[in-house]
Amino acid sequence: MAARKKVVPASVPEQPAMSLSDQVIALAQLPEAERIEALKAIDPRVWYVAVAQNDDGPDGFECFYKLVHGNNLPSHGRKWIEKLYEAHEAGRGFELFSWRGSWKSTTVSMTFGAFRIGKEPHKTNLVVGANDDSAEKVTAAIANTIELSLAWKMVFPNVEPYKAKGWGAEGYYVIDKQYTPEQWQEITSAKIDPTLVGGGYGSSRLPGKHPDGFLMLDDIHDEKNSASEKQRQEVIDIVSDTIIPTMVRNRKTHKLETWFVAIGTPWHEKDAYHFLKDTREYRFMSTPIMAKAEEGEEGAVYIDGVHPEGMVFKDLVGWWHLTWPKMFPPEVIISLRTIGKRAFSRMFLLDMEAAKVGGMAYQLYPAEAIDFTWRTNGGLDYASIRRGLESQQMKDRDSMALCYLSKVPTGGAVVGGGVEGKLTMVQSQEKVEAAQGIFKNWGVCGVEDTGKGETFVDTLLLKPHLRIMPIKTGNIEKHKRQETILGSLLELGILRISDANTPFLNVLRYALDNFPDGNDDVRDSLVCAVKTFPELFVLPSTEVSVPAVPKRRQASHPLQAFGNAGR
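Given the structure is predicted, the values throughout are model-derived calculations rather than measurements.

Enquirer: What should I look at first to understand the overall build of the protein in this one?
Expert: For the protein, the count of helices and strands is 21 helices and 20 strands. Taken over 567 residues, the protein has a buried fraction of 52%. Within the protein, contacts between residues separated by at least 24 positions form 71% of all contacts whose residues are at least 6 apart in sequence. Total accessible area on the protein stands at roughly 26000 Å², and carbon and sulfur atoms take up 51% of it.

Structure (structure tokens):
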């Protein structure tokens, strides 16, 4: 397809007294050549209105976007729209991967969705998200544009909400006022679906819908349906078997008449986004926040990876092409990198290979530098066994894990030790009591108050002398929770791990080195301990008490005997 020439509005003279709508109507009566020159000589908004009304292409959309939002369409957004039009003209759908915060939903789902309804108000349109709430946010934004936006009223003055038929989450209807209600009913008589409706991929609203306008898949994956292979496959099955077949094709050419758009940030190489990409049925585009460059390349920017607090992110150091430098300059990118390498690689670089590399980066702390009179809290992930179980039954059970986390006076905290093993409820309680007695400045023990832990928390709370803090972990998938809470704290050195050679610390370090594999129980005990120190989530001073050591020391640990008791 030949490249479209971008429309450039004329300079801005003084504002005329006539309203914009009146100007458009008056100018419409002029011959075409005179009309174009007159438009360029007046308020540029009139020029935008005229282009948006008369051009169903990237230029028309860009002018509509400018009117609706009051700012220019980002250059990467323009590329999305050009690719989308190319795909549709070829009878294909369009799939977009883009980073969090790139305005993909605002540009494509919300604004382009509204533009399509303005251009083809007689058609049916469908938005599908991870759940009803996420889809309804998109449809509500489109509906608000149609109902309330002055830009809409200027570009599509005849298309209005048809509230007599419905205007809400269950479906939005519009009417073209060029026609009487009777004429409009005749035009749309073959359609039983609303102009616009949205729902989650498993919603009861979807079956029976056949969108001949647009079908938007917007962030159909989230943390609740992407954690396991089973969850991801369920989404894939619904997309392939239920959603895709709803689209309308030309009976003669078999090309898609429905504008199909799938946008999102990928979660896993086996998710529904990659399933669609791998079919090769749809034009695909990936827009990361930045891409690797060579020194001297035009537009390349050097990033030193240095955070204002002194940390250096080595994976950022080098030359890069920034996709949106005005909104995401190097300092913002460095700030975003604090979420952790794995999360940053997936959500911002869209690099699934880097994102699936195992392990959480962490810094070691010399065991001999730890003062066990520092304020210390515990974190306990509860699991119990019954006495008399066979060895195989014991092996199949989860372990109880109790982590000791001490505050470093100059900032941050260090894991000094812990207990991990197959223990009964009584033995687990004894470990909590023992820890509280051993540490001079013991604060509280955070205990996971979810599932089986609820019963254990209730039991501990019956002991007034025990200082217990129930920890609610919510329904976020376990590995997502661990990465979100621990990842950046460990990598930034706010949270460090003793280099002592003890059974618990050896298991913990292995679990961090091999995340998401390894022992989940010890990682969850650390999550519970961290939650007892909310001040850890504030960035530390650049002054640290001791430097991180590059190799693990095999020093004797003051609590080694106590830790061995739990093995």
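And the narrative resumes.
Enquirer: Where do I start with the confidence of the model for the protein in this structure?
Expert: Regions with low pLDDT should not have their predicted coordinates read in detail. Confidence in the prediction of the protein, expressed as mean pLDDT, is 86, and 87% of residues score 70 or more. Low pLDDT, under 50, characterises residues 1-16; the stretch is placed with 31 contacts to residues that sit more than four places away or in other chains. Between residues 388-396, whose pLDDT stays under 50, and residues either more than four places distant or in other chains, the model counts five contacts.

Enquirer: Would you explain the packing of aromatic side chains in this entry?
Expert: Any pair of aromatic rings gets described here by the distance separating the centres and the angle formed by the planes. In this structure the tally under the stated criterion is 26 aromatic pairs. Ring plane angle 75 degrees and centroid distance 6.4 Å describe the contact between Y404 and W442, whose orientation is recorded as edge-to-face. You can see Y404 sitting in strand β16 (residues 400-407) and its partner W442 sitting in strand β18 (residues 442-448), a full 38 residues away along the chain. On the basis of relative accessibility, which here comes to 2%, the residue Y404 falls in the buried class. Of the residues examined, W442 reaches a relative accessible area of 6% and is grouped as buried. Clustering of aromatic rings is evident, with ring pairs tying together F61, F64, Y65, Y85, F112, F115, W152, F156 and W259. The cationic tip of K277 hangs over the ring face of F284; the distance from NZ or CZ to the ring centre is 5.2 Å. One Lys or Arg, R346, reaches over the ring of W267 and ends 4.2 Å from the middle of that ring.

Enquirer: I'm lost on the nonpolar core in this one. Help?
Expert: Buried together is how nonpolar side chains tend to be arranged in soluble globular proteins. Core analysis: the biggest nonpolar cluster contains 50 residues, and M290, L405, V415, L486, L495, I497 and V530 have the highest contact counts within it. Considering each element in turn, this core owes the most residues, six residues, to helix α19 (residues 503-513). Discounting residues that sit within four places of it in the chain, V530 has contacts with L405, I485, L486, L489, L495, L536 and F537. Formed by 44 residues, the second largest nonpolar core is a distinct cluster that contains A52, Y65, V127 and F214.

Enquirer: Explanation requested: the pattern of salt bridges in the structure shown.
Expert: Opposite charge on two side chains lets them pair, provided their charged atoms get close. A full pass over the atoms with the stated rule returns 21 salt bridges. Between D59 and R78 there is a salt bridge, with the nearest N and O atoms lying 2.9 Å from each other. Taken together, the residues span a long stretch of sequence, with D59 in helix α4 (residues 58-69) and R78 in helix α5 (residues 75-89) at a distance of 19 residues. Given a relative accessible area of 9%, D59 falls into the buried group. One salt bridge connects R337 with E491, and the closest N-O pair in it is separated by 2.4 Å. With R337 in the loop between α12 (330-336) and α13 (341-347) and E491 in helix α18 (residues 478-491), the pair connects residues that are 154 residues apart, well separated along the chain.

Enquirer: What's the story with the state of the cysteines in this structure? I'm lost.
Expert: What makes a disulfide is a covalent bond joining the sulfur atoms belonging to two cysteines. Throughout the structure, instances matching the rule amount to zero disulfides. Lacking any disulfide linkage, C403 is separated from the closest cysteine sulfur, that of C528, by 9.4 Å. Relative accessible area serves as the criterion here: at 0%, C403 is assigned to the buried category. Sulfur of C445: no disulfide; nearest cysteine sulfur belongs to C528 and is 8.3 Å away. Owing to a relative accessible area of 0%, C445 belongs among the buried residues under this scheme.

Enquirer: Sorry, what's going on with the sheet that holds strand β12 (residues 301-303) here?
Expert: Each strand in a sheet pairs with its neighbour through backbone hydrogen bonds, running either in the same direction (parallel) or in the opposite one (antiparallel). With antiparallel pairing, three strands are arranged side by side in an open sheet as β11-β13-β12. Only two strands of the sheet have a single neighbouring strand rather than two, namely β11 (290-292) and β12. Each adjacent strand pair in this sheet contributes to an overall mean axis angle of 50 degrees, direction not counted. Two strands pair when backbone bridges link them, and β11 and strand β13 (residues 318-322) are joined in this way by three bridges, in the antiparallel orientation. Directly across from M290, in β13, lies its bridge partner L322.

Enquirer: Could you clarify how one ought to interpret the sheet that holds strand β17 (residues 413-421) in this entry?
Expert: Pairing is mixed in the open sheet, where seven strands are placed in the order β14-β20-β17-β16-β15-β18-β19. Both edges of this open sheet fall to β14 (364-365) and β19 (468-471), since each of them pairs with a single strand only. Judged from the four bridges that link them, β18 and β19 form a sheet pairing that is parallel. Across the sheet, the residue bridging to V447 is P470, located in β19. Packed on one face of the sheet, helix α17 (residues 453-461) meets β15 (376-381), β18 and β19 and runs near 145 degrees to β18.

Enquirer: Help me understand α4 in this model?
Expert: Residues separated by three or four positions in an α-helix point in the same direction, a consequence of the helix having 3.6 residues per turn. Along its 12 residues, α4 runs 16 Å from first to last C-alpha, staying within 8% of the 16 Å computed at 1.5 Å per residue. Counted residue by residue, α4 has nine buried out of 12 residues, so it is predominantly covered. Within the span of α4, buried status applies to P58, D59, G60, F61, E62, C63, F64, Y65 and L67. On the buried face of α4, the contacting elements are α3 (44-54), α5, α6 (104-119), α7 (132-148) and α8 (150-155). Directly after α4, the chain includes G70, whose backbone phi takes a positive value near 75 degrees.

Parameters at a glance
- Residues numbered from 1 in each chain as written.
- Predicted model: local features only at pLDDT ≥ 70, side-chain atom pairs only at ≥ 80, totals over all residues.
- Heavy atoms only, no water.
- Helix = DSSP H or I, 4+ residues; strand = E, 2+ residues; numbered from the N terminus.
- Buried < 20%, exposed > 50% of the residue type's maximum accessible area, 1.4 Å probe, protein only.
- Contact = heavy atoms within 4.5 Å.
- Areas by Shrake-Rupley, 256 points an atom, 1.4 Å probe, with all protein chains shown as cover.
- pLDDT = per-residue confidence, 0-100.
- Phe/Tyr/Trp six-rings, centres within 6.5 Å; stacked < 30°, edge-to-face > 60°.
- Lys NZ or Arg CZ within 6 Å of the ring centre and 35° of its normal.
- Core = buried A, V, L, I, M, F, W, Y, C linked by side-chain atoms within 4.5 Å.
- Salt bridge = Lys/Arg side-chain N within 4 Å of Asp/Glu carboxyl O.
- Disulfide = S-S within 2.5 Å.
- Pairing = 2+ DSSP bridges.
- Axes fitted to C-alpha atoms, helices over the stretch in contact; angles between N-to-C directions.
- Expected span 1.5 Å × (residues − 1).

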